[in-house]
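Chain by chain, the residues:
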Amino acid sequence: MTSEQFLNLENIVFTVTMVVYLAAMVLYFLFFALKNEKPGKIADKLMVVAFVLHTIALVTRGLGAGRLPLTNQYEFATSFAWGICLCYLIFLWKYKFRALGAFVTPVIFLIIGYAAMQSREVKELMPALRSNWLAIHVSSAIISYGAFGVSFAVSLMFLIREKLKNNSFWETHIPQKEKLDLISYRAVSLGFLFLTFVIISGAIWAERAWGSYWSWDPKETWSLITWIIYAIYLHLRISKGWKGKSAAIFAAVGFICVIFTYIGVNTLIPGIHSYA
């Protein structure tokens, strides 16, 4: 297949992936609203299908572009959504509570929808991006952001858990607040680990590309702010035993900062990272 054929295939698969995510989101909402397990079970299967299709879309994009699909707004946004789906499926497999899907799928759909609005034009890479550090730096960011996305969804669940009347359905499908708090903490810990590696690898890459480890570029600054927010969360959690509603709100605010670091900074504050 030619590059153009791969890119055309990617466009088709990407569109189908969006439709499958949308269908899964609607079914999770029905599962949650109607307290009916059948739509939730179907949604779980659709999320696996969406993840496989999403992976195929990324692979075909890479083959069509002749490089890793991680270098512009469209490519990173769709990879960001892929990372959240991956982390969600891991946590779904580990903790077995599909109600989380009703909170994760809207985030995925919004991000992949944002990707759909970006230019899909394949351009030649600027010299600074022609580095092996690209794969290490950006793939770490995808896993980090994906984990933070899951922590955001779990935190929202925590905040509404106390408003739900106890019944057998909620007790079966939504863990108690203590467990939700623990799951959010583990997701934040995973995201923080990878975010730390993102900042370190980015600094090394920047030194090799531009001769400086740190230049206070807007995205560098906001990445550091995000890191500090989550570092405070983990410090209070470990040293002070901080849990509960305040911790959930703090984790949710952290993800809002993640979104601003990616979308807000690129849109509102020009810098050397404006290409991605």
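Data block above holds the structure.
These remarks concern the structure in this document. (Residues numbered from 1 in each chain as written. Predicted model: local features only at pLDDT ≥ 70, side-chain atom pairs only at ≥ 80, totals over all residues. Heavy atoms only, no water.)

1. Some thoughts on the overall build of the protein
1) Next: Helices and strands together make up the secondary structure of the protein, namely nine helices and zero strands.
2) Next: In sequence order, the protein lays out its α and β elements as α-α-α-α-α-α-α-α-α.
3) Next: Its C-alpha atoms give the protein a radius of gyration of 19 Å, within 12% of the compact-globule value 19 Å for 276 residues.
4) Next: With the C-alpha coordinates of the protein rotated into their principal frame, the extents come out at 60 × 50 × 30 Å.
5) Next: Scored against the burial criterion, the 276 residues of the protein give a buried share of 53%. (Helix = DSSP H or I, 4+ residues; strand = E, 2+ residues; numbered from the N terminus. Rg over C-alpha atoms; globule rule 2.2 N^0.38 Å. Buried < 20%, exposed > 50% of the residue type's maximum accessible area, 1.4 Å probe, protein only.)

2. Concerning the nonpolar core
1) Next: Counting residues in hydrophobic clusters, the biggest one holds 82 residues, and the most contacted among them are M47, F80, Y88 and L100.
2) Next: Not counting residues within four places of it along the chain, the set of residues in contact with Y88 comprises Y28, D44, M47, R98, L100, G101, V104 and V150. (Core = buried A, V, L, I, M, F, W, Y, C linked by side-chain atoms within 4.5 Å. Contact = heavy atoms within 4.5 Å.)

3. Brief notes about helix α4 (residues 101-116)
1) Next: Given a rise of 1.5 Å per residue, 16 residues ought to cover 22 Å, and the 22 Å separating the end C-alpha atoms of α4 matches this to within 8%.
2) Next: Summarising burial for α4: twelve of the 16 residues are buried, a large majority.
3) Next: Every buried residue of α4 is accounted for by G101, A102, F103, V104, T105, V107, I108, I111, I112, G113, Y114 and A115. (Expected span 1.5 Å × (residues − 1).)

4. Some words on the packing of aromatic side chains
1) Next: Tallied over the full model, the rule gives 15 aromatic pairs.
2) Next: For the ring pair Y233 and W242, a centre distance of 6.3 Å and an interplane angle of 65 degrees mean the geometry is edge-to-face.
3) Next: According to the relative accessible area criterion, W242 is partly exposed, its value standing at 22%.
4) Next: Lying across the ring of Y95, K94 places its NZ or CZ 5.6 Å from the centre.
5) Next: The ring of Y185 carries R237 above its face, with NZ or CZ at 4.5 Å from the centroid. (Phe/Tyr/Trp six-rings, centres within 6.5 Å; stacked < 30°, edge-to-face > 60°. Lys NZ or Arg CZ within 6 Å of the ring centre and 35° of its normal.)

5. A short note on the state of the cysteines
1) Next: For the structure on display, the rule yields zero disulfides.
2) Next: Considering cysteine sulfurs only, C85 is the nearest to C87, which forms no disulfide, with 9.5 Å between them.
3) Next: The buried category is assigned to C87, whose relative accessible area is 3%.
4) Next: Here C257 is not disulfide-linked; the sulfur of C87 is the nearest cysteine sulfur, at 18 Å. (Disulfide = S-S within 2.5 Å.)

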